[in-house]
Amino acid sequence: MNYNEEYKSKLCTADEAVKVIKSGDIVDYGTFANQVVELDKALAKRKPELKDVYIRSAARVYGPPMIVLSDPQRESFIYNSGHFTLIDRRVQDYGLCYFLPILFRECPSYTNYTRCDVAMITVTPMDEHGYFNFGLSNTFTRAVIDIAKKVIVEVNPKMPRVPGGNNECVHISEVDLIVEADWNVPPIPEIPMSEVDQKIAMLIMNELEDGACIQLGIGGMPNALGKLIAQSDLKDLGAHTEMLCDAYLDMWEAGKLTGKRKNIDKGKMVFTFALGSKKLYDFLHNNPSVASYSVDYTNYPHIIAQNDKVISINGALEVDLFSQVASESTGSRQISGTGGQVDFVEGAYLSKGGKAFLCLPSTYKDKNGELHSRIKPTLSPGTIVTTPRAMVMYLVTENGIANLKCKSTWERAEALIGLAHPNFQEELIKEAEKMKIWTKSNKKPTASQAAS
């Protein structure tokens, strides 16, 4: 087969490619760094002739989609995201983005309940065998392609070619149209670590052992932890995560991340998408020490648990005295998404010697500088529960660590109040009494007592 000839026959401009899209179609834009750019611009130009085109995506990193900017009245396009970034949140604030609630590991199976008329995905250049690699974002791309009526790839030579794993590529025989592009894959600025991030990271460092398999969420605290691990005497750590970030690169460069003690994918950093610096992206290109998998592999709890000593570390926004954890919304305002938090909380718990940590600063300041507690009697009205209380294992603030497994409501309340800022503890005790989750034997614990 002469793949170069087939390539030429399918090559067209972005304007020509989007002509296959009709009113009422469902169009998949890709996820994270694999969302299309030139095809988005071309589709926006068709606003006058299209109606009710449903756009599906997740975690926008390239600026607001042009289809949104071209159609503020939502007459032609309706934009939906399964995970919000800062960009998605800002678009949502103008009423131009809607959230798709998902359980990340289930996404490939959602193809049983939806359709895709046109899949548009950013890929690497074709290799000599006719394959386009998905690069930085594997997720559920393969499953979308499998049900799409039309597949358009936006070929970008600046997208790193990332080894699999599984489901990391698509063959030219499965592609209908090819568009060439040449834009820079945007690096994600490193979130600066605060003093609180460093305190929380130090507490978790005390829980790590040689041979632990690490999953990190996004934020300043994972960055702090990666740097602390790099400076520690820990050895033979592994990586099995949904997101690969620069913290893993710090650990790898320091010789801490070998994967030698993993039970599966030994020696490999396993992930389903990557976001970080250009240095990270350059590291991933054609690197046999990494493996990109679809999300139904990376995030499935019973696969996660096949490795021993899985350490899952994720952030939260708010927790109530019943230990319900909110990590994706503040009131009714969507901030991010469920992501893989519940997947890895469960996977780490099932792992031999595993631990799942949900971390948050004990306080925040509002726009007027007033201090508020992130540990509340009940969640703020409209706030979405991400991790149910029955699943929560460890909760961490800068004031300590509390293991909530096999704890009653009054024991949880006591432990959580011990993790709260001292300024709010007395009021939280009063509220716990009103809610009948405080006993006469309860005491206001110190941070050290909470950690025990």
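Summary of the structure given here. Residue positions are given per chain, counted from 1 along the sequence in the order it is written. Restriction of local features to residues with pLDDT of at least 70 applies here, the model being predicted, together with a cutoff of 80 or more for giving and counting side-chain atom pairs; totals for whole chains, interfaces and linings are based on all residues. Calculation of side-chain values draws on the structure's entire complement of heavy atoms; hydrogens and water are dropped beforehand.

Focus on the overall build of the protein chain
Okay, so step 1: Secondary structure elements are defined from DSSP: runs of H or I of at least 4 residues count as helices, runs of E of at least 2 residues count as strands, and each element is numbered from the N terminus. On a plain count of helices and strands, the protein chain comes out with 16 helices and 26 strands.
Okay, so step 2: Note on method: radius of gyration uses C-alpha positions; expected globular size equals 2.2 Å times residues raised to 0.38. By the compact-globule yardstick of 22 Å for 452 residues, the protein chain fits well, its C-alpha radius of gyration being 23 Å.
Okay, so step 3: In terms of overall dimensions, the protein chain has a C-alpha envelope of 75 × 50 × 35 Å along the principal axes.
Okay, so step 4: Sorting the 452 residues of the protein chain into buried and exposed places 58% on the buried side.
Okay, so step 5: Only heavy atoms matter for contacts: two residues are in contact if any of them lie within 4.5 Å across the pair. Pairs at least 24 apart in sequence give 75% of the contacts found in the protein chain among residues at least 6 apart.
Okay, so step 6: A 1.4 Å probe and the Shrake-Rupley method give the accessible areas. Residues count as covered only by the protein chains that appear here. Summed over all atoms, the accessible surface of the protein chain reaches about 18,700 Å², with 52% contributed by carbon and sulfur.
Okay, so step 7: Under the convention used here, Asp and Glu are negative, Lys and Arg are positive, and both His and the chain ends fall outside the count. Every charge is mapped onto a representative atom, which is NZ of Lys, CZ of Arg, CG of Asp or CD of Glu. For the protein chain, the distance from the average position of its 50 positive side-chain charges to the average position of its 55 negative side-chain charges is 3 Å. Buried means the residue's accessible area, taken with a 1.4 Å probe over protein chains only, is under 20% of the maximum for its type, while exposed means over 50%, and partly exposed covers the values in between.

Details of the packing of helix α8 (residues 220-230) against helix α9 (residues 246-253)
Okay, so step 1: Axes here refer to lines fitted to C-alpha atoms; in helices the fit is confined to the stretch in contact. Angles between the N-to-C directions go from 0 to 180 degrees. Where α8 contacts α9, the two axes come as close as 8 Å, and the packing angle between them is 0°. As far as their axial angle goes, α9 and α8 are roughly parallel. Contacts between α8 and α9 pair Pro222, Asn223, Gly226, Lys227, Ile229 and Ala230 from the former with Ala247, Asp250 and Met251 from the latter.
Okay, so step 2: Here the residues of the contact of α8 with α9 sort into five nonpolar, two polar and two charged. Each angle is binned into one of four classes, with values under 35 degrees roughly parallel, values over 145 roughly antiparallel, values of 65 to 115 roughly perpendicular, and all other values oblique. Residue type decides the class: Asp, Glu, Lys and Arg count as charged, Ala, Val, Leu, Ile, Met, Phe, Trp, Tyr, Cys and Pro as nonpolar, and the leftover types, Gly among them, as polar.

Remarks on the sheet that holds strand β18 (residues 325-326)
Okay, so step 1: Taken in spatial order, the three strands of this open sheet run β18-β17-β24, and their pairing is mixed. Taken across any chain shown, the strands that pair with only one partner, and hence form the sheet edges, are β18 and β24 (375-376).
Okay, so step 2: As paired elements, strand β17 (residues 318-320) and β24 share two bridges and run parallel to each other. Along β24, the bridge assignment pairs aspartate 320 with lysine 376. A pair of strands is considered paired only if DSSP assigns at least 2 bridges between the two.

Some thoughts on the sheet that holds strand β25 (residues 394-397)
Okay, so step 1: Pairing within the open sheet is mixed, and its eight strands lie in the order β15-β13-β11-β10-β16-β21-β25-β26. Across the chains shown, the open sheet's two edge strands, defined by having one partner strand only, are β15 (290-292) and β26 (400-403). Neighbour-to-neighbour, the strand axes of this sheet turn through a mean angle of 20°, independent of strand direction.
Okay, so step 2: Alignment of strand β16 (residues 310-315) against strand β21 (residues 355-359), held across five bridges, turns out to be parallel. When the bridges of β21 are listed, glycine 315 appears paired with cysteine 359.

As for the environment of lysine 352
Okay, so step 1: Looking at where lysine 352 falls in the secondary structure, it is placed in the loop between α13 (341-350) and β21.
Okay, so step 2: Through-space distance from the C-alpha of lysine 352 to that of glutamine 306 is 8.3 Å; in sequence the pair is 46 residues apart.
Okay, so step 3: In this structure lysine 352 touches Asp308 and Lys309, once residues within four positions along its chain are discounted.

Considerations on the environment of isoleucine 218
Okay, so step 1: Mapped onto the secondary structure, isoleucine 218 falls in the loop between β10 (213-216) and α8.
Okay, so step 2: Owing to a relative accessible area of 55%, isoleucine 218 belongs among the exposed residues under this scheme.
Okay, so step 3: Taking the C-alpha atoms as reference points, isoleucine 218 and lysine 279, 61 residues apart in sequence, are found 17 Å from one another.
Okay, so step 4: Those residues within four positions of isoleucine 218 in sequence are excluded, and the remaining contacts are Ile191 and Met243.

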